[in-house]
Amino acid sequence: MVRHAGERSLLGVGLYTPQQAAYLARVTPRTLARWLHGDDRGQPALRAQLRGDTQRRVTFLDLVQVMAVRAILRERAITLAKIRDFMDHAQREYGLTYPFARRHTTYLFDDDIVVRHGERIIQVTGRYKDQDLIRPVAELYMEDLSFQDDLASAYTPLRAGDRYILVSPHHRMGQPLVMPCGYSVEALLASVRAEGTPEAAAAVNAVTVADVRLAQRYEDILAGVAA
């Protein structure tokens, strides 16, 4: 059993090294560290779930929020300070932790962030109440999220027929899995390297070639290569 300070169980939380989380979120490790922990240029934009963890491990909810920030910054030149202000406002005024890891729609107005969460409109300022909303930020990963008790509980970034990639804190500590066979992406890719071909890897692991190729496709997507 994996435990953190104070013997609090982390089962069902999902744990990644900073390097693993950065790879899954498609950002650099340095960027991820800055967003979650801050650096010499400023304070963090997000509140890391395991604050005080000397290993700076990243949880599934952290991962989802990092993906949200990546989507926001790709859409508009919003400052990290503005994102931090929004996060603080959501918790202070609404008691809402991990707002970007909940079912929501994000809108941007110039230098401000507005999130619709259920019937709530959360914004740092009130200057847009009488203005029409511009189009929402295209947080495409949101379409691949499943929720439990209002929080993100699973991420399925790739599907092919009845096979899919599953990233969930409730399965294998959040490591990407090829479903329904249940093998980790990492294990199947390592098998290809060891055996030489997808066909040989499939035979050794008693899975289909399609399972192995789905793992390869996901690796290509994360690496930014057209599969």
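Throughout what follows, the structure given in this document is the object of discussion.

Cut-off values and rules
- Residues numbered from 1 in each chain as written.
- Predicted model: local features only at pLDDT ≥ 70, side-chain atom pairs only at ≥ 80, totals over all residues.
- Heavy atoms only, no water.
- Helix = DSSP H or I, 4+ residues; strand = E, 2+ residues; numbered from the N terminus.
- Rg over C-alpha atoms; globule rule 2.2 N^0.38 Å.
- Buried < 20%, exposed > 50% of the residue type's maximum accessible area, 1.4 Å probe, protein only.
- Contact = heavy atoms within 4.5 Å.
- Areas by Shrake-Rupley, 256 points an atom, 1.4 Å probe, with all protein chains shown as cover.
- Lys, Arg positive; Asp, Glu negative; His and termini not counted.
- Charge placed at Lys NZ, Arg CZ, Asp CG, Glu CD.
- Axes fitted to C-alpha atoms, helices over the stretch in contact; angles between N-to-C directions.
- Parallel < 35°, antiparallel > 145°, perpendicular 65-115°, else oblique.
- Nonpolar A, V, L, I, M, F, W, Y, C, P; charged D, E, K, R; others polar.
- Pairing = 2+ DSSP bridges.

## With respect to the overall build of the chain
Here is step 1 of the chain: Summing up its helical and strand segments, the chain has 7 helices and 10 strands in all.
Here is step 2 of the chain: Expected size for 227 residues packed as a compact globule is a radius of gyration near 17 Å; at 19 Å, the chain falls within 12% of this value.
Here is step 3 of the chain: Expressed as a percentage of the 227 residues in the chain, the buried residues total 45%.
Here is step 4 of the chain: Considering only intrachain contacts with a sequence separation of at least 6, the fraction spanning at least 24 residues in the chain is 55%.
Here is step 5 of the chain: Summing over all exposed atoms, the chain offers an accessible surface of approximately 11,700 Å²; the carbon and sulfur share of this is 48%.
Here is step 6 of the chain: Taken as two groups, the 29 positive and 27 negative side-chain charges of the chain have centres that lie 3 Å from each other.

## Thoughts on the environment of Val-64
Here is step 1 of the chain: One can find Val-64 in helix α3 (residues 60-75).
Here is step 2 of the chain: A residue is classified by how much of its surface remains accessible, and Val-64, at 0% relative accessible area, is buried.
Here is step 3 of the chain: Sequence separation of Val-64 and Ala-101 is 37 residues, and the distance between their C-alpha atoms is 5.7 Å.
Here is step 4 of the chain: Apart from the residues within four sequence positions on either side, Val-64 is in contact with Phe-100, Ala-101, Tyr-141, Leu-145 and Ala-152.

## A short note on the packing of helix α5 (residues 185-195) against helix α7 (residues 209-222)
Here is step 1 of the chain: Relative to each other, α5 and α7 sit at 105 degrees, their axes nearing to 9 Å. With respect to their mutual orientation, α5 and α7 come out roughly perpendicular. Residue-level inspection shows Val-185, Leu-188, Leu-189 and Val-192 of α5 in contact with α7, the latter providing Asp-211, Val-212, Ala-215, Gln-216, Tyr-218 and Glu-219.
Here is step 2 of the chain: Grouping the constituent residues of the contact of α5 with α7 by class yields 7 nonpolar, 1 polar and 2 charged.

## What to know about the pairing of strand β7 (residues 151-160)
Here is step 1 of the chain: Here strand β6 (residues 145-148) runs beside β7; their pairing, made up of 4 bridges, is antiparallel. Its bridge partner lying in β7, Phe-147 is registered against Ala-152.
Here is step 2 of the chain: Taken together, the 4 bridges between β7 and strand β8 (residues 163-167) define a ladder with antiparallel strand orientation. Looking across to β8, one finds that Leu-158 is bridged to Ile-165.
Here is step 3 of the chain: Taking the residues between adjacent antiparallel strands as the criterion, β7 and β8 are bridged by 2 residues, where Gly-161 takes a positive phi near 65 degrees.

## Remarks on the sheet that holds β6
Here is step 1 of the chain: The 5 strands lie next to each other as β6-β7-β8-β9-β10, forming an open sheet whose pairing is antiparallel. The open sheet terminates on both sides in strands that have one partner only, identified here as β6 and β10 (183-184).

## Observations regarding the packing of helix α2 (residues 29-37) against α3
Here is step 1 of the chain: For the pair α2 and α3, interaxial distance at closest approach is 11 Å and the crossing angle is 105 degrees. Between α2 and α3, the angle falls in the class roughly perpendicular. Mapping the contact onto sequence places Leu-32, Trp-35 and Leu-36 in α2 and Asp-62, Val-66, Val-69, Arg-70 and Leu-73 in α3.
Here is step 2 of the chain: Of the residues that constitute the contact of α2 with α3, the class distribution is 6 nonpolar, no polar and 2 charged.

From the geometry alone we can't say anything about function, so treat these as descriptive.
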